[in-house]
Amino acid sequence: MEILTIIILIAGVIVLVKTVRMVPQGFEWTVERFGKYTHTMEPGLHFLIPVIQAVGRKVNMMEQVLDVPSQDVITRDNAVVKVDGVIFYQVLDAAKAAYEVSNLEQATIALVMTNIRTSIGSLDLDESLSKRDEINAKLLSVVDVATHPWGIKVNRIELKDIQPPRDLVDAMARQMKAEREKRANILEAEGHRASEILRAEGEKQGAILEAEGKREAAFRDAEARERLAEAEAKATQMVSDAIANGNVQAINYFVAQKYIEAFKALAEAPNQKFVMMPMESTGIISSLGGIAELAKESLGLGHGGGQPAKPAPKPAPPQPPRIGG
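Thresholds, definitions, all that
- Residues numbered from 1 in each chain as written.
- Predicted model: local features only at pLDDT ≥ 70, side-chain atom pairs only at ≥ 80, totals over all residues.
- Heavy atoms only, no water.
- Helix = DSSP H or I, 4+ residues; strand = E, 2+ residues; numbered from the N terminus.
- Buried < 20%, exposed > 50% of the residue type's maximum accessible area, 1.4 Å probe, protein only.
- Contact = heavy atoms within 4.5 Å.
- Areas by Shrake-Rupley, 256 points an atom, 1.4 Å probe, with all protein chains shown as cover.
- Salt bridge = Lys/Arg side-chain N within 4 Å of Asp/Glu carboxyl O.
- Pairing = 2+ DSSP bridges.
- Axes fitted to C-alpha atoms, helices over the stretch in contact; angles between N-to-C directions.
- Expected span 1.5 Å × (residues − 1).
- Arc of directions from axis to C-beta.
- Polar contact = N/O pair within 3.5 Å; in protein donor to acceptor, adjacent residues only side chain to side chain.
- Lys, Arg positive; Asp, Glu negative; His and termini not counted.
- Phe/Tyr/Trp six-rings, centres within 6.5 Å; stacked < 30°, edge-to-face > 60°.
- Lys NZ or Arg CZ within 6 Å of the ring centre and 35° of its normal.

## Focus on the overall build of the chain
Inference 1: Counting its regular elements, the chain contains 8 helices and 8 strands.
Inference 2: For the chain, with 325 residues in total, the buried portion stands at 24%.
Inference 3: The long-range fraction of contacts in the chain, counting pairs at least 24 apart against all pairs at least 6 apart in sequence, stands at 64%.
Inference 4: In the structure as shown, the chain presents an accessible area of about 22300 Å², 60% of it carried by carbon and sulfur atoms.

## Here we look at the pattern of salt bridges
Inference 1: A complete count under the given rule lists 12 salt bridges for this structure.
Inference 2: Asp67 is paired through a salt bridge with Lys160; the nearest N and O atoms lie 4.0 Å apart. Remark: Lys160 occurs in strand 8 (residues 152-163) and Asp67 occurs in strand 6 (residues 64-74); sequence separation between them is 93 residues.
Inference 3: When its relative accessible area of 52% is taken as the criterion, Asp67 is described as exposed.
Inference 4: On the basis of relative accessibility, which here comes to 46%, the residue Lys160 falls in the partly exposed class.

## Quick word on the sheet that holds strand 2 (residues 27-33)
In a beta sheet, neighbouring strands pair by backbone hydrogen bonds and run either parallel or antiparallel.
Inference 1: Pairing within the open sheet is antiparallel, and its 3 strands lie in the order 3-2-5. Since the sheet does not close on itself, it has two edges, and those belong to strand 3 (36-41) and strand 5 (53-60), each with one partner. If you compare each strand with its neighbour and ignore which way they point, the axes differ by 30 degrees on average.

## Some points on unusual backbone geometry
Leave glycine aside and you will find that most residues have negative phi; peptide bonds, for their part, are mostly trans.
Inference 1: The backbone of Val51 shows a phi angle near 75 degrees, a positive value even though the residue is not glycine.
Inference 2: Relative to the helices and strands, Val51 resides in the loop between strand 4 (44-47) and strand 5.
Inference 3: The backbone of Asn78 sits at a positive phi, close to 65 degrees, despite the residue not being glycine.

## A closer look at helix 5 (residues 132-147)
Inference 1: End to end, helix 5 covers 22 Å across 16 residues, agreeing with the expected 22 Å (1.5 Å per residue, within 8%).
Inference 2: The set of residues buried in helix 5 consists of Ile135, Asn136, Leu139, Val143, Asp144 and Thr147. One face of helix 5 carries all of its buried residues, which in axial projection span an arc of 150 degrees. Seen from the buried face of helix 5, the exposed residues on the opposite side, beyond 90 degrees, are Glu134 and Val145.
Inference 3: Where helix 5 is buried, its residues meet helix 3 (104-121), helix 4 (125-130) and strand 8.

## Things to note about the side chain of Ser128
Inference 1: Turning to its location among the elements, Ser128 is positioned in helix 4.
Inference 2: At a separation of 2.8 Å, a polar atom in the side chain of Ser128 contacts the main-chain carbonyl oxygen of Asp124.
Inference 3: Each residue touching Ser128, except ones within four places of it in the same chain, is listed here: Thr75, Ile120, Leu123, Ile135 and Ile162.

## Remarks on the side chain of Glu28
Inference 1: Along the chain, the position of Glu28 falls in strand 2.
Inference 2: For Glu28, which is buried and forms no salt bridge, the nearest opposite charge comes from Lys96, at a distance of 12 Å.
Inference 3: Ignoring anything within four residues of it in the chain, the contact list for Glu28 reads Val23, Thr40, Met41, Glu42, Arg57, Lys58, Val59, Met61 and Ala94.

## Describing the sheet that holds strand 6
Inference 1: One open sheet holds the 3 strands; their spatial order is 6-7-8, and the pairing between them is antiparallel. At either end of the open sheet lies a strand with only one pairing partner, and these are strand 6 and strand 8. Sheet twist, expressed as the mean angle between neighbouring strand axes with direction ignored, is 20 degrees.
Inference 2: Two elements, strand 7 (residues 80-91) and strand 8, share 10 bridges in a ladder whose sense is antiparallel. Counted as the bridge partner of Ile87 is Ile157 from strand 8.
Inference 3: Helix 3 contacts strand 6, strand 7 and strand 8 of the sheet and is inclined by roughly 40 degrees relative to strand 6.

## Considering the environment of Met172
Inference 1: Secondary-structure assignment places Met172 in helix 6 (residues 166-244).
Inference 2: Along the primary structure Met172 and Asp126 are separated by 46 residues, whereas in three dimensions their C-alpha atoms are 9.5 Å apart.
Inference 3: When residues no more than four places from it in sequence are discounted, the contact partners of Met172 are Leu125 and Leu129.

## What to know about the packing of aromatic side chains
Inference 1: One pass over the full model with this rule turns up 1 aromatic pair.
Inference 2: Measuring from ring centre to ring centre gives 5.5 Å for Tyr37 and Tyr99, while their planes differ by 50 degrees; the resulting arrangement is tilted. Linking Tyr37 in strand 3 with Tyr99 in helix 2 (residues 94-99), this pair joins segments that are 62 residues apart in sequence.
Inference 3: Sitting over the ring of Trp29, Lys58 keeps its end group 4.4 Å from the ring centre.
Inference 4: Positioned above the aromatic ring of Phe88 is the side chain of Arg156, whose terminal nitrogen or guanidinium carbon lies 4.3 Å from the ring centre.

Shown next, in the form of structure tokens:
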């Protein structure tokens, strides 16, 4: 009797466990009736009919991560690279994930590895290394469509590493170094070219400014000579008018001027070493006085309220100097 009671108690506990089931958050369980799928239990408390109903598969509905193992892939230019990656996916339909594919994780990894070989095999090595985002996007679109019947959603596929062989890495390093040296040489040559152009432009501007300066100086010199000639012509006219009026001071002006010019030329002569000048200074002074009187008469400033001044006494003509060699 006691054994029967114990057996009934154990059977009751088993029936209770089989009848009352609690699904945790983040999971969904499938329910089978005599081995056939009937419905899915969501998180919470559920009751089953013992013996008739049973739990089939316990499916994780949270986002999961799968590591894609490293594999050798041949690029379009026959370079062998090692590629691995990672997959982020989430089950959306527990029944499809449980019954449409035998091993969901293994099937997903195999599908991604196959598409990695296809995507990288259609690219050159340089493109495979530089277009990783494009490869990831292409893999995601293809794998997501292929896994849709399995009731999962592939959110991201990332290539973790693409490793070329060591000899290719060394060759790429040498190529990159040569390319950088080439760019440096080009930039240096362009700098020299720009420097020469600027120097030539500077010399050109300097020559233009120098020519303009010379032209301006020549213009100023010609203008000065023109004014000097006008002054001399005016002075000559004044002296001529004075001579015509019988003023002897005008003659003294010409005599003194020629005398001073001759004396200046004599003093500046390079072949003369010694000059003796026994001359009367009063002759030159009186000639200069005559010049002053002439200027006063021409300006109307003479004695007697603008009347011509009385002629000055005739000075003694200057005696020419005697030159000793």
